[in-house]
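Structural characterization, general
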Amino acid sequence: MKKYYSIKSEGKWFAKVPGADADPDINDGREFRHWSFGDKEGKTLGWFKQSLIGKVAGAAVQPLGEDMFFTIYLDNDDAAQFKLYESNFLGVANILGGIDLNKPIELKAALNEKRAWKNQYGKTVVPTALYITQSGERITQTWPYDSEARWFTGLRKAEVSEKFGRKVRDTSSMEAAFDTEIDTFIQRVDENIDKPTATVQEASVTVSVGEDLAF
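Residues numbered from 1 in each chain as written. Predicted model: local features only at pLDDT ≥ 70, side-chain atom pairs only at ≥ 80, totals over all residues. Heavy atoms only, no water.

The secondary structure content of the protein chain amounts to 2 helices and 17 strands. Every one of the 215 residues in the protein chain was classed for burial, and the buried ones make up 31%. Put simply, of all contacts in the protein chain between residues at least 6 apart along the chain, 53% involve residues at least 24 apart. Entry remark: accessible area of the protein chain is about 14800 Å², with carbon and sulfur atoms responsible for 50%. (Helix = DSSP H or I, 4+ residues; strand = E, 2+ residues; numbered from the N terminus. Buried < 20%, exposed > 50% of the residue type's maximum accessible area, 1.4 Å probe, protein only. Contact = heavy atoms within 4.5 Å. Areas by Shrake-Rupley, 256 points an atom, 1.4 Å probe, with all protein chains shown as cover.)

Attention shifts here to the sheet that holds strand 6 (residues 56–64). Here 7 strands make up an open sheet; going across it, the order is 3-4-2-1-8-7-6 and the pairing mixed. In the strand order of this sheet, the two ends are held by strand 3 (31–37) and strand 6, each with one partner. Going across the sheet, the axis of each strand differs from the next one's by a mean of 40 degrees, ignoring polarity. Two strands pair when backbone bridges link them, and strand 6 and strand 7 (residues 67–74) are joined in this way by 8 bridges, in the antiparallel orientation. Among the inter-strand pairings, Ala59 is bridged to a residue of strand 7, identified as Ile72. The sheet contacts of helix 2 (residues 172–194) involve strand 6 and strand 7, and relative to strand 6 the element is tilted by about 135 degrees. (Pairing = 2+ DSSP bridges. Axes fitted to C-alpha atoms, helices over the stretch in contact; angles between N-to-C directions.)

This paragraph deals with the packing of aromatic side chains. Considering all chains together, one arrives at 10 aromatic pairs under this definition. Consider the rings of Phe70 and Phe89, whose centres lie 6.3 Å apart with planes at 90 degrees: the pair is edge-to-face. With Phe70 in strand 7 and Phe89 in helix 1 (residues 89–93), this pair connects stretches of sequence that are 19 residues apart. The same class applies to Phe70 as to Phe89, namely buried. When the centroid spacing of 6.0 Å and the interplanar angle of 50 degrees are considered together, the rings of Trp143 and Phe178 count as tilted. In this pair, Trp143 is assigned in the loop between strand 13 (137–138) and strand 14 (145–146) and Phe178 in helix 2, connecting sequence segments 35 residues apart. Neither residue differs from the other here; Trp143 and Phe178 are each classed as buried. An aromatic cluster is defined as three or more aromatic residues linked by ring pairs; in this entry it consists of Phe70, Tyr85, Phe89, Trp143, Phe178 and Phe185. Sitting over the ring of Trp47, Lys2 keeps its end group 4.9 Å from the ring centre. We note Lys43 situated over the ring of Phe32; from NZ or CZ to the ring centre the distance is 4.6 Å. (Phe/Tyr/Trp six-rings, centres within 6.5 Å; stacked < 30°, edge-to-face > 60°. Lys NZ or Arg CZ within 6 Å of the ring centre and 35° of its normal.)

So, about helix 2. Its 23 residues give helix 2 an end-to-end C-alpha distance of 33 Å, which sits within 8% of 33 Å, the value for a rise of 1.5 Å per residue. Where helix 2 is concerned, the buried positions are Met174, Ala177, Phe178, Glu181, Ile182, Phe185, Ile186 and Val189. Those residues of helix 2 that are buried lie in contact with strand 6, strand 7, helix 1 and strand 15 (151–152). (Expected span 1.5 Å × (residues − 1).)

As enumerated under the stated definition, the model contains 4 salt bridges in all. Across the pair Glu10 and Arg33 runs a salt bridge, and its minimum N-O distance is 3.1 Å. Of the two residues, Glu10 sits in the loop between strand 1 (2–7) and strand 2 (12–16) while Arg33 sits in strand 3, which places them 23 residues apart along the sequence. (Salt bridge = Lys/Arg side-chain N within 4 Å of Asp/Glu carboxyl O.)

Another aspect to go through is the nonpolar core. Core analysis: the biggest nonpolar cluster contains 39 residues, and Phe70, Ile72, Phe82, Phe89, Ile99, Leu107 and Phe185 have the highest contact counts within it. Elements represented by at least two residues in this core include exactly strand 2, strand 4 (40–49), strand 6, strand 7, strand 8 (78–83), helix 1, strand 9 (105–111) and helix 2. Element by element, the count of residues in this core is highest for helix 2, at 7 residues. Ile99 has contacts with Val56, Ile105, Gln134, Ile139, Phe185 and Arg188, leaving out every residue within four places of it along the chain. (Core = buried A, V, L, I, M, F, W, Y, C linked by side-chain atoms within 4.5 Å.)

Here it is as structure tokens:
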């Protein structure tokens with residue numbers, strides 16, 4: 001199982017190789033990712049992908065270090081990991097209810113040049129945008145974006161207050177809405193996996209079952 005996360009400023013998915021298996025002489029598609037952070041540099045062995053494609057085979061919320069991650073497992077032994085409540089997590093939570101579990105999904109990473117910015121080291125940072133589609137089409141959003149209101153219909157905004165002379169953002173109501181979407185999605189996935197497989201018995205009547213066209 002390869003667990004991918006999107007690399008900020010690179011527009012790619014990357015799955016690390018566990019330390020015990022980090023043998024650079026094994027030719028199975030692994031590459032070194034060279035990175036720098038401030039005055040520190042290093043390299044990490046793993047797999048690169050531009051997009052992850054497959055049917056949803058599982059979903060879970062799990063701790064990783066001090067953070068919590070939402071993971072979507074695909075039927076091709078890949079998995080996409082998302083850190084809970086990060087800036088791009090709204091886009092993930094917003095389409096969970098519209099995913100048809102009978103069809104493959106594509107999770108594509110790309111650079112969002114329009115939102116480039118410079119960090120404290122003077123380096124230009126181009127954030128990664130995530131596009132999640134089915135059959136080449138965008139997935140229906142739970143909270144459609146209202147261009148006039150410049151916000152998502154039905155989703156409560158973070159509440160801003162002032163404490164000890166500083167502005168504080170309370171995102172608890174927004175995170176609660178995300179949690180509801182995650183819980184519902186995980187339940188749908190579990191039920192889809194556990195549903196019994198129909199068996200065909202010999203009979204004098206033939207029944208034709210049409211293709212499921214739900215989106």
